[in-house]
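As a plain string of letters, each chain reads:
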Number of protein chains: 2
Amino acid sequence: MGFRRPDGRVGTRNYIGVISTVNCSASTVRAIAERFKGDALRDYPTIDGVVAFTHKGGCGSRYGSREIHMLQRTLAGIARHPNVAAYIFVGLGCEVNQIQDLVSSQGLESDAPPLLVIQDEGGLLETVEAGTRAVASLLPRAASYRREVVPASELVVALQCGGSDSWSGVTGNPALGRAVDLLVAQGGTAALGETTEVYGAEHMLTRRASSPEVAEKLLQRIRWWEDYTARNGFEIDNNPAPGNKAGGLTTIYEKSLGAVAKGGSTPLNGVFEYAEPITARGFVHVDSPGYDPISVTGQVASGCNLVVFTTGRGSCFGCKPAPSIKVATNSALYNKMKNDMDVNAGQVLEGSSLDEVGAEIFDLMLAVASGEKSKSEKHGIGEEEFNPWILGAVL
Amino acid sequence: MGFRRPDGRVGTRNYIGVISTVNCSASTVRAIAERFKGDALRDYPTIDGVVAFTHKGGCGSRYGSREIHMLQRTLAGIARHPNVAAYIFVGLGCEVNQIQDLVSSQGLESDAPPLLVIQDEGGLLETVEAGTRAVASLLPRAASYRREVVPASELVVALQCGGSDSWSGVTGNPALGRAVDLLVAQGGTAALGETTEVYGAEHMLTRRASSPEVAEKLLQRIRWWEDYTARNGFEIDNNPAPGNKAGGLTTIYEKSLGAVAKGGSTPLNGVFEYAEPITARGFVHVDSPGYDPISVTGQVASGCNLVVFTTGRGSCFGCKPAPSIKVATNSALYNKMKNDMDVNAGQVLEGSSLDEVGAEIFDLMLAVASGEKSKSEKHGIGEEEFNPWILGAVL
């Protein structure tokens, strides 16, 4: 069950977004969202909350640059996200990421979102008041959306792994791959991310590409990453983190072979840039770094309405506006972090089959999409983890 | 008046810091700090608050890299900041910015700070409980510090301009320069930042350098910036933001000539890297981008215990743990954003002298350093603006 939006897409949650154009308006954005905590929404039980989307970027960059455009695409992806019923933007005024450019470059004029500019409103307090009124004016429309029965094909699931260990490629990731195959069989969509964790295993994806163009787009992104890391004096093999190595992973090749298993076995139907709207169905890829919060932010901004996150070392990740399901790759972790883990894929080492755990993950996808709260949602996690990829130098 | 710390430095505020090693522990850090809001500190009136220092970095980088080292230096600069009486670090566990590396690379062992690792504690809730206990255990020590009379020479003031206009170089910045001359005459320290806004006016600083080495260090940083922006396809002249141009500034050269006026007229006694501890007295420079929150975060991490921020377009900036005084460059702005502006340098256009406004700024520096709340402090601003410079590519 989900919330059907005017554009036909289906949300799994019903949030209102207060979105910052620049770090300089972030405190104001938090203060506006704060006004809707506690009992403030008691008359609107169908609204899941008012979420502050703040970040550290938006200025110190080149006006009109690709970098600013990518941030605008990310913010627009949240604004237009199927889990966001309505939104406002809040800017300072003098920043490089101009609020009017954001709206026009992303084609958001028809949403007619309230646009608040601190330098025009006359300061922090004045903008918090105006923003609170603006959000209040959106409540009736947001509340008018109701959960309705929708097919599983409306799910767009972000696939992610974080804090991987040597079990990730044996239990959690292939089990998630089975769930993805079930989802795709129903007409749904699942998006891999973390291009730096596909590196070295890209042949396993290109040979499944539904067309030469899709394969070539993936290889183009891989080449971009090789160039980008070289220009910055890195290697992609610098990716495995200390925790990965403590968990038994040696190189990016080993990590990647396990990571791509999340994608199941169906054809690769599309490759999208960071926060670019996903327009294909089935199994796709969204270009993004391996750093989890940045990668998931891109997948969600591309339209994913649910996240499934496997972990061997442990995590308490969430990423609003999408709910996140966390899958432990081993029972020791599952038992240790029971309050954070939704599924124990360590069962595979104790007699369960990958198909059984895959079916369990798929069932939980449907349940959480239909409103059941995941562990991280129960804890209210997911604002800090909004982490747009800030590309390029800061001036 | 200020809080004298064991290392002899003097704080203008008395905070406890809860510091995140990585974005993946940021929600946990916020939840710990949240426990000390409201009435929780009523028995500790000498403690100004428990501050969550969260950020978007800490992983997706190369283990042992210069980039991670710079983040560690920034976090250590907050931990050891004279306005921070005590602190704890909170990490996830698997991140590139390993909590033990942070402590050992920055020589923090002697502080014996509580180190909480989510993957060791067993999850979010468990870490919030442990972190709350850890902070509670620090309260008596933090509360034992008392404001005492100290000379003005203990002030280390971050000089910043943001949302500059064509009046910035005529009123706000030179008035702040007069205040800096008064401060330096008392033996105090003032740190310029924003190297990209010194660009084109660096000769005005090098000719004041107290030694050829100091001048050469500034020129080295300028050359680094030329190389860094070229490698990333930028020019430093991309710096003026849309609001600067709407405010009448044309190029970085014009902006810079106004910007360096904040530094007054005394010799340049030192040039420091981002978040590198300031070890000279008098007028110094801290290398940082022009983007205000990133620049001030570096200045504060270098040890600045007060910020003075001039603005022509308007701002509601704050940057904990240091209080920020905001100076309007024109009366129209001052009147429009009265709740955010502390000083009106627009008076210079209405008959006051730069010396008079400079003296007013200097007096307010002393008052705020001694405990008077600045406008942004009254509004509780300054956590979102903690914005460490994340250098290099994200993997």
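Residues numbered from 1 in each chain as written. Chains lettered and ligands numbered in written order. Predicted model: local features only at pLDDT ≥ 70, side-chain atom pairs only at ≥ 80, totals over all residues. Heavy atoms only, no water.

S.K.: Could you clarify how one ought to interpret the overall build of chain A in this entry?
M.R.: Within chain A, the secondary structure is distributed over 14 helices and 14 strands. Radius of gyration (C-alpha) of chain A: 20 Å, near the 21 Å computed for a compact globule of 395 residues. In terms of overall dimensions, chain A has a C-alpha envelope of 60 × 50 × 40 Å along the principal axes. Within chain A, the fraction of its 395 residues that count as buried is 67%. Look at the contacts in chain A between residues 6 or more apart in sequence, and 74% of them connect residues 24 or more apart. Surface accessibility of chain A: about 12500 Å² in total, with carbon and sulfur atoms responsible for 51%. Of note, chain A has its 36 positive side-chain charges centred 2 Å away from the centre of its 44 negative side-chain charges. (Helix = DSSP H or I, 4+ residues; strand = E, 2+ residues; numbered from the N terminus. Rg over C-alpha atoms; globule rule 2.2 N^0.38 Å. Buried < 20%, exposed > 50% of the residue type's maximum accessible area, 1.4 Å probe, protein only. Contact = heavy atoms within 4.5 Å. Areas by Shrake-Rupley, 256 points an atom, 1.4 Å probe, with all protein chains shown as cover. Lys, Arg positive; Asp, Glu negative; His and termini not counted. Charge placed at Lys NZ, Arg CZ, Asp CG, Glu CD.)

S.K.: Explanation requested: empty space enclosed by the protein in the structure shown.
M.R.: Once rolled over the atoms, a probe with the size of a water molecule shows which space is left empty. Per the stated rule, a full pass over the model turns up six cavities of 30 Å³ or more. Of the pockets and cavities examined, the largest cavity occupies roughly 280 Å³. Lining of the largest cavity is provided by 27 residues; of these, Cys59 of chain A together with Gly162, Gly163, Gly290 and Asp292 of chain B occupy positions nearest its centre. A class-by-class count of the residues in the lining of the largest cavity yields 12 nonpolar, 10 polar and five charged. Considering only enclosed or pocket space, the second largest cavity measures out at about 190 Å³ in volume. Lining the second largest cavity we find 20 residues, and of these Gly163, Ala241, Lys255 and Asp292 of chain A together with Cys59 of chain B sit closest to its centre. Of the residues in the lining of the second largest cavity, the class split is nine nonpolar, seven polar and four charged. (1 Å grid on protein atoms, 1.4 Å probe; cavity = no way out; pocket = protein on both sides within 12 Å on 5 of 7 lines; lining within 4 Å. Points joined across faces, edges and corners; volume = space filled by probe spheres on them. Nonpolar A, V, L, I, M, F, W, Y, C, P; charged D, E, K, R; others polar.)

S.K.: Would you take a moment to explain a nonpolar patch on the surface for this structure?
M.R.: Taken together, the side chains of Trp167, Val170 and Leu349 of chain A make up a nonpolar region of the molecular surface, amounting to roughly 260 Å² of accessible area. If you trace the backbone, valine 170 of chain A turns up in the loop between strand S8 (156-161) and helix H6 (172-185). (Patch = residues over 30% accessible without salt bridge, like charges linked within 9 Å, V, L, I, M, F, W, Y side chains within 5 Å. Salt bridge = Lys/Arg side-chain N within 4 Å of Asp/Glu carboxyl O.)

S.K.: What is the right way to look at unusual backbone geometry in this model?
M.R.: Leaving glycine out, the prevailing phi sign among residues is negative, and the prevailing peptide bond configuration is trans. Here lysine 320 of chain A and proline 321 of chain A are connected by a cis peptide whose omega angle stands at 10°. Note that proline 321 of chain A resides in the loop between strand S12 (306-311) and strand S13 (324-328). For alanine 112 of chain B, which is not glycine, the phi dihedral falls at a positive 45°. The phi torsion at glutamate 194 of chain B lies on the positive side, around 50°, for a residue other than glycine.

S.K.: I keep staring at the sheet that holds strand S6 (residues 115-117) of chain B and nothing clicks. Help me out?
M.R.: In a beta sheet, neighbouring strands pair by backbone hydrogen bonds and run either parallel or antiparallel. Residue and element names in this part refer to chain B. The four strands lie next to each other as S4-S3-S5-S6, forming an open sheet whose pairing is parallel. Two strands in the sheet have a free side with no partner beyond their single neighbour: strand S4 (49-53) and S6. In this sheet, neighbouring strand axes are inclined to one another by 20° on average, regardless of whether the strands run parallel or antiparallel. As defined by bridge partners, strand S3 (residues 15-20) adjoins strand S5 (residues 84-91) across six bridges and the pair is classed as parallel. Within S5, the residue paired with valine 18 across the bridge is isoleucine 88. Here helix H1 (residues 26-34) sits on the sheet and contacts S3, S4 and S5; the angle it forms with S4, its principal contact strand, is near 175°. Here helix H2 (residues 66-79) sits on the sheet and contacts S3, S4 and S5; the angle it forms with S5, its principal contact strand, is near 140°. (Pairing = 2+ DSSP bridges. Axes fitted to C-alpha atoms, helices over the stretch in contact; angles between N-to-C directions.)

S.K.: Please clarify how the sheet that holds strand S3 (residues 15-20) of chain A should be interpreted in this entry.
M.R.: Residue and element names in this part refer to chain A. Taken in spatial order, the four strands make up an open sheet running S4-S3-S5-S6, and their pairing is parallel. The open sheet terminates on both sides in strands that have one partner only, identified here as strand S4 (49-53) and strand S6 (115-117). Shown here is a sheet whose adjacent strand axes are inclined to one another by a mean of 20°, direction ignored. With five bridges connecting them, S3 and S4 associate as parallel partners.

S.K.: What exactly am I supposed to notice about the relation of the copies chain B and chain A here?
M.R.: Both copies of the chain are related by one operation, a rotation about an axis with a shift along it. Rotating chain B by 180° about the axis while translating it 0.0 Å along that axis superimposes it on chain A, leaving an RMSD of 0.0 Å. One copy is carried onto the other by what is essentially a two-fold rotation axis. Taken as a fraction of all interface residues of chain B, those also at the interface in chain A reach 100%, which identifies the copy contact as same-surface. (Least-squares fit on C-alpha atoms with pLDDT ≥ 70 in both.)

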